[in-house]
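One-letter residues, chain by chain:
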Amino acid sequence: MVRLWTIIGASLVSATAFASSCPDGDNLLQNNTRLSQLCPNGFTSSVSGQIGDQISQNGDNAKMVVAAAEQNGVPTDVALAVSTWESGLNSCAGSNTGVKGPMQLTQKTARGLGFDRDINEQNVQGGMEVLKQAYDKCGDNTTCLAASYNGSDAAQQADWARGVQGKLNQLKNDSSLIAQACSGGSKCLWTGSDTPTTTTTTAATADPQIAATDTNVGIDDV
Amino acid sequence: MLSLIMQSMRAVGLLSGVALMSPALAFAQSTDLSKLERGYYNTPEAGCDSISSAGVVQFDGKNFDGHYQLCLTDHLSDDRYQSTCIEVQGNDYKKPHDIRNDPDRETSTFHLKILSPRSFEMDHVQYQYCRGE
């Protein structure tokens, strides 16, 4: 009996530790959707648009980025800044022969972390783990992040740092963007104040256990 | 007098037109990579706001690299080229001495037309010069 409660307790702790304040994002991350299925017409090199539009057009990816960021301890705004810069949150960003997906993860990097880059949800999770490693080293210093996450030549790193910093500034200056990202447009716990709200969410979720943990989890928006 | 001025203006206009057109006329479409300027390229639709996002192609004088991708480009025949590429990110981003022996390499063939010293068409997708390396 004690053993059973231990297992149940461990399961609850585990669920609590991995749940974010965006239950929709948590649930979506459980899927395994191949990029080829999402992008039957191939991949696009065009990454443009404002953050708000990118979030609106790629709501599920925005939710997953927020959830994965929280699960990995990456500030939401940093995660969104990188993903919107890399792909515009578009699963179909990239080239047919090169990197692709919301986090523009390379297959080699993904494999090294136990993920498949060509599965959308794992692209987000793997990218977030890479970003977590970079964030632990750099904080939100985008020049340092550029060396760790992007790592290409000096000109591209400088461009990446400038671009991500621009996105980060927009996200810091407009709190509604993060609210929009974690909600897909309508529902979010985050209020834009310095202290994340702990109000119980009414967001629909298939997993009541995850929903129950929402009362204890705030969004780390830096 | 007015007609003389008009004639002069037309002549200048014609000359300007010729001057503007001559570089394009002088450049015959080619498949010779040496005619293409080194630098970063992107599609006109994607624009040149960024050289570090998806879709950017870097030409180093011999090879076309993609976003998080290092490649060796080989001429096959006529307008056909082959790219042998590996993906690189973060700390992996070093030009390996031998891409051809990398177990994760991918090869693909493509058709290439050099439209001008600063534009080319790769598999019917046009790229324009954004900036130098």
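Reading the values: the criteria
- Residue positions are given per chain, counted from 1 along the sequence in the order it is written.
- The lettering of chains begins at A and the numbering of ligands begins at 1, in the order of writing.
- Per-residue local features are limited, in this predicted model, to residues with pLDDT of at least 70; the limit for side-chain atom pairs, both in listing and counting, is 80 or more; totals at the level of whole chains, interfaces and linings are taken over all residues.
- Only DSSP runs of H or I covering at least 4 residues are called helices, and only runs of E covering at least 2 are called strands; the numbering of each starts at the N terminus.
- Neighbour density around each residue's C-beta defines its exposure: 20 or more other C-beta atoms within 10 Å make it buried, 12 or fewer make it exposed, and counts between make it partly exposed, where C-beta atoms are placed from the backbone.
- Contact between two residues is assigned when their C-beta atoms, built from the backbone, lie within 7 Å.
- With axes taken as lines fitted to C-alpha atoms, and helix axes fitted only over the stretch in contact, angles between N-to-C directions fall between 0 and 180 degrees.
- Angular relationships are summarised with four words: roughly parallel below 35 degrees, roughly antiparallel beyond 145, roughly perpendicular across 65 to 115, and oblique for the angles in between.
- If you view the pair so one helix is near and one far, a crossing is left-handed when the near helix is turned anticlockwise from the far one by less than a right angle, and right-handed when it is turned clockwise.
- Basically, the charged four are Asp, Glu, Lys and Arg, the nonpolar ten are Ala, Val, Leu, Ile, Met, Phe, Trp, Tyr, Cys and Pro, and anything else, Gly included, counts as polar.

(A) Highlighting the overall build of chain B. Within chain B, the regular secondary structure consists of one helix and eight strands. For chain B, the sequential pattern of α-helices and β-strands runs α-β-β-β-β-β-β-β-β. Counting the 133 residues in chain B, one finds 27% classified as buried. Partitioning the intrachain contacts of chain B with sequence separation of at least 6 by distance along the chain shows that 46% fall at a separation of at least 24.

(B) Here's a closer look at the packing of helix α5 (residues 59-72) of chain A against helix α8 (residues 120-138) of chain A. All names here are of chain A. Running from amino to carboxyl end, α5 crosses α8 at an angle of 40 degrees, the nearest separation of the two axes being 9 Å. The angle between the axes of α5 and α8 places the two elements in the oblique class. Crossing hand, α5 versus α8: right-handed. Residues N61, M64, V65, A68, A69 and N72 of α5 form the contact with α8, whose own contacting residues are E121, V124, Q125, M128, E129 and K132. Of the residues belonging to the contact of α5 with α8, the class tally is six nonpolar, three polar and three charged.

(C) Structural view of the interface of chain B and chain A. In this assembly, 26 residues from chain B lie in contact with 29 residues from chain A. Put simply, the parts of the chain that give the side of chain B that touches chain A at least two residues each are β5 (80-87) and β6 (106-116) of chain B. Classifying every residue of the side of chain B that touches chain A gives seven nonpolar, 13 polar and six charged.

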